[in-house]
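# Fold and geometry: a report
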Amino acid sequence: MSAPTGTLDRRAAVKALLADRGDLLVISGLGSSSYDVFDAGEHRGNFYLWGAMGGAAMVGLGLALAQPKRPVLVITGDGEQLMGIGSLLTIATKQPGNLSIAVLDNGHFGETGMQPSHSGLGAKLEVIASGAGIGNVSDIADMAGIERFRNSLRDLGGGPRLARIRIAAGEVERALPPRDGAYLKNRFRGHLGFQVR
Amino acid sequence: MDQIAVHQDSATSTDWPVAIYRTLKNFGVAQVSYVPDAGHSKLIKLSHADADIKTTVLTTEEEGVALSAGAWLGGDRAVLLMQSSGVGNCVNMLSLMASCRFPLLTLVTMRGEWAEFNPWQIPMGRATPQAFEIMGATVLRLENPDDAEEVISAAASLAYDGDQQVAVLISQRMIGRKKWTKETH
């Protein structure tokens, strides 16, 4: 079995995922994933979660069903996805072609003191996703894999996809996005053309 | 399925799920998610049969809270159906709705409050209103089948126009006594 953790720099990986993002809509899971997405470039089509652990993929599903012509990418961590593991089964029942999930997997709960997570202790999120019924899964350990995954995002018939992205377990400096939830909500809806009442 | 029948004016006091369905349609609800429940079975069937409603079965209730947030971000109105036994599962995820002032409309069939034979249903049933209220949600009661349209309509306005989290608790008395055995008491 390969090592549970990887070597990819999380900031570089997320920056590469979001390069030339076009009409991509992004939901980020709480903690480091939100910091990574913010660090890659502030955008009105980003919705950063600061809580709601376990909910990122389901927020992504609700959005993907509401906006079937836009690609939706959930970027979250292994710990966050593990807490909402059942959502992978729920997403599979709907087969939203425009929804992709990138799990930044360092095998640890990074925000809380780097305790080993279930994925660090052997669980394979891409295999779980496949068993849940998500047909398009990948296990990415290098930047070439990131590039391939990024190029696939705009294929609205190719999802749902889940990529486990093996990142290094080191701490990186925090980059803090806005945390007023109502502001983030209204900004995002405004980006999609909905009036703030 | 029942689309034609539903659009004929056929609601009676026993057809409260049809009255709820029509009211949700009038409010433009585009997404329904649910954890299965016998009391909601008719509404779930109507929802699945409606091509204009994206209907999602959940593994646990809090998924539907997060789904409702994502739906709203994308311009869809969503409704979450569950039984009172699942309300406790939602408590933490309700902070997402409060923090962002996301609308939430959830319709909860009650257990543990009327002719309940299963004692295991009683603690969560009894705590259901408080479980919503501690997270800032508004709790409305639907006690009488004839009030279905009025109560659901009030709840939907409060949620979608008032940006509130609203739970409508549907009394167990409306759903009827659950028949488990042939034994009589």
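Our structure's up above, just so we're on the same page.
Just so it is clear, the structure is predicted and the values come from calculations on it, not from any experiment.

### Comments concerning the overall build of chain A
- Secondary structure assignment for chain A yields 8 helices and 8 strands.
- Against the 2.2 N^0.38 benchmark of 16 Å for 197 residues, chain A shows a C-alpha radius of gyration of 15 Å, consistent with a compact globule.
- Reported as C-alpha extents along the three principal axes, the dimensions of chain A are approximately 50 × 35 × 30 Å.
- The buried share of chain A, reckoned over its 197 residues, is 52%.
- Here the analysis covers contacts within chain A between residues at least 6 apart in sequence; of these, 74% occur between residues at least 24 apart.

### A few points about the pairing of strand E1 (residues 29-34) of chain B
Residues and elements named next belong to chain B.
- With 6 of 6 residues buried, E1 is to be regarded as a mostly interior element.
- Looking at chain direction, E1 and strand E3 (residues 77-83) are connected through 5 bridges and run parallel. Each bridged residue has a counterpart across the sheet, and for Ser33 the counterpart in E3 is Leu80.
- Examined bridge by bridge, E1 and strand E2 (residues 54-57) share 4 bridges and lie parallel to one another. Paired with Val32 across the two strands is Thr55, which belongs to E2.

### Regarding the interface of chain A and chain B
- Contacts between the two partners involve 27 residues from chain A, matched on the other side by 26 residues from chain B.
- Secondary structure elements with two or more residues in the side of chain A that touches chain B: helix H3 (56-66), helix H5 (86-94) and helix H8 (181-191) of chain A.
- Looking at the side of chain A that touches chain B element by element, the count peaks at 8 residues for H3(A).
- Tallied by class, the residues present in the side of chain A that touches chain B amount to 14 nonpolar, 10 polar and 3 charged.

### Looking at the pairing of E2(B)
- Alternating residues of E2(B) divide into B:Lys54 and B:Thr56, all buried, and B:Thr55 and B:Val57, none buried.
- Once you follow E1(B) into helix H3 (residues 41-49) of chain B and on to E2(B), the crossover reads as right-handed.

### Notes on H8(A)
- Three or more residues of H8(A) are buried, namely A:Gly181, A:Leu184, A:Lys185 and A:Phe188. Looking down the long axis of H8(A), one finds its buried residues gathered within 100° of arc, a one-sided arrangement. The outward face of H8(A), more than 90 degrees from its buried face, is lined by the exposed residues A:Tyr183 and A:Gly190.
- The inward-facing, buried residues of H8(A) contact strand E2 (46-48) of chain A together with helix H4 (61-73) and helix H5 (94-100) of chain B.
- Just beyond H8(A), the residue with positive phi is A:Gly193, at close to 95°.

### Structural notes on the sheet that holds E2(A)
Residue and element names in this part refer to chain A.
- Spatially, 6 strands are ordered E2-E1-E3-E4-E8-E7 in an open sheet, and the strand pairing comes out parallel. Only two strands of the sheet have a single neighbouring strand rather than two, namely E2 and strand E7 (136-140). Ignoring which end each strand starts from, the neighbouring axes of this sheet average 15° apart.
- Taken together, the 4 bridges between strand E1 (residues 25-28) and strand E3 (residues 72-77) define a ladder with parallel strand orientation. Along E3, the bridge assignment pairs Val26 with Leu73.
- In the packing of helix H7 (residues 143-152) onto the sheet, contacts are made with E7 and strand E8 (161-166), and the angle to E7 comes to roughly 155°.

### Comments concerning the sheet that holds strand E6 (residues 165-170) of chain B
All names here are of chain B.
- Read from one edge to the other, the open sheet built from 6 strands follows the order E2-E1-E3-E4-E6-E5, with strand pairing classed as parallel. Whereas interior strands pair on both sides, the edge strands pair on one side only; in this sheet they are E2 and strand E5 (138-142). Averaged over all neighbouring strand pairs, the angle between strand axes comes to 20°, with direction disregarded.
- In the sheet, E5 pairs with E6 via 5 bridges, with the strands oriented parallel. Within the sheet, the bridge partner assigned to Leu140 lies in E6 and is Val168.

### Topic: unusual backbone geometry
- Of note, the bond from A:Gly159 into A:Pro160 is cis; its omega dihedral lies within 30 degrees of zero at -5°.
- Tracing the backbone through its elements, the reader meets A:Pro160 in the loop between H7 and E8.
- Its identity as a non-glycine residue notwithstanding, B:Arg101 has a phi of 50°, on the positive side.
- Structurally, B:Arg101 is set in the loop between H5 and strand E4 (104-109).
- C-beta crowding within 10 Å serves as the criterion here: with 14 such atoms nearby, B:Arg101 is assigned to the partly exposed category.
- In this structure, B:Ala115 is a non-glycine residue whose phi angle is positive, near 50°.
- Examined against the element boundaries, B:Ala115 turns out to sit in the loop between E4 and helix H6 (122-133).

### Overview of the nonpolar core
- Residues A:Ala102, A:Ile165, B:Val65, B:Ala69 and B:Val168 are the most contacted members of the largest nonpolar core, which totals 111 residues.
- For B:Val65, the contacting residues outside a window of four places in its chain are B:Leu80, B:Cys90, B:Met93, B:Leu94, B:Leu96, B:Met97 and B:Leu104.

### A short note on the packing of H5(A) against helix H6 (residues 125-132) of chain A
Residues and elements named next belong to chain A.
- For the pair H5 and H6, interaxial distance at closest approach is 8 Å and the crossing angle is 45°. With respect to H6, the axis of H5 lies oblique. Between H5 and H6 the crossing geometry is right-handed. Taken together, the residues of H6 that come into contact with H5 (itself represented by Leu88, Leu89 and Ala92) are Ile128, Ala129 and Ala132.

Criteria and cut-off values
Residues numbered from 1 in each chain as written. Chains lettered and ligands numbered in written order. Predicted model: local features only at pLDDT ≥ 70, side-chain atom pairs only at ≥ 80, totals over all residues. Helix = DSSP H or I, 4+ residues; strand = E, 2+ residues; numbered from the N terminus. Rg over C-alpha atoms; globule rule 2.2 N^0.38 Å. Buried ≥ 20, exposed ≤ 12 C-beta atoms within 10 Å, placed from the backbone. Contact = placed C-beta atoms within 7 Å. Pairing = 2+ DSSP bridges. Nonpolar A, V, L, I, M, F, W, Y, C, P; charged D, E, K, R; others polar. Right-handed = clockwise from strand over helix to strand, strands pointing away. Arc of directions from axis to C-beta. Axes fitted to C-alpha atoms, helices over the stretch in contact; angles between N-to-C directions. Core = buried A, V, L, I, M, F, W, Y, C linked by C-beta atoms within 7 Å. Parallel < 35°, antiparallel > 145°, perpendicular 65-115°, else oblique. Left-handed = near helix turned anticlockwise from the far one by under 90°.

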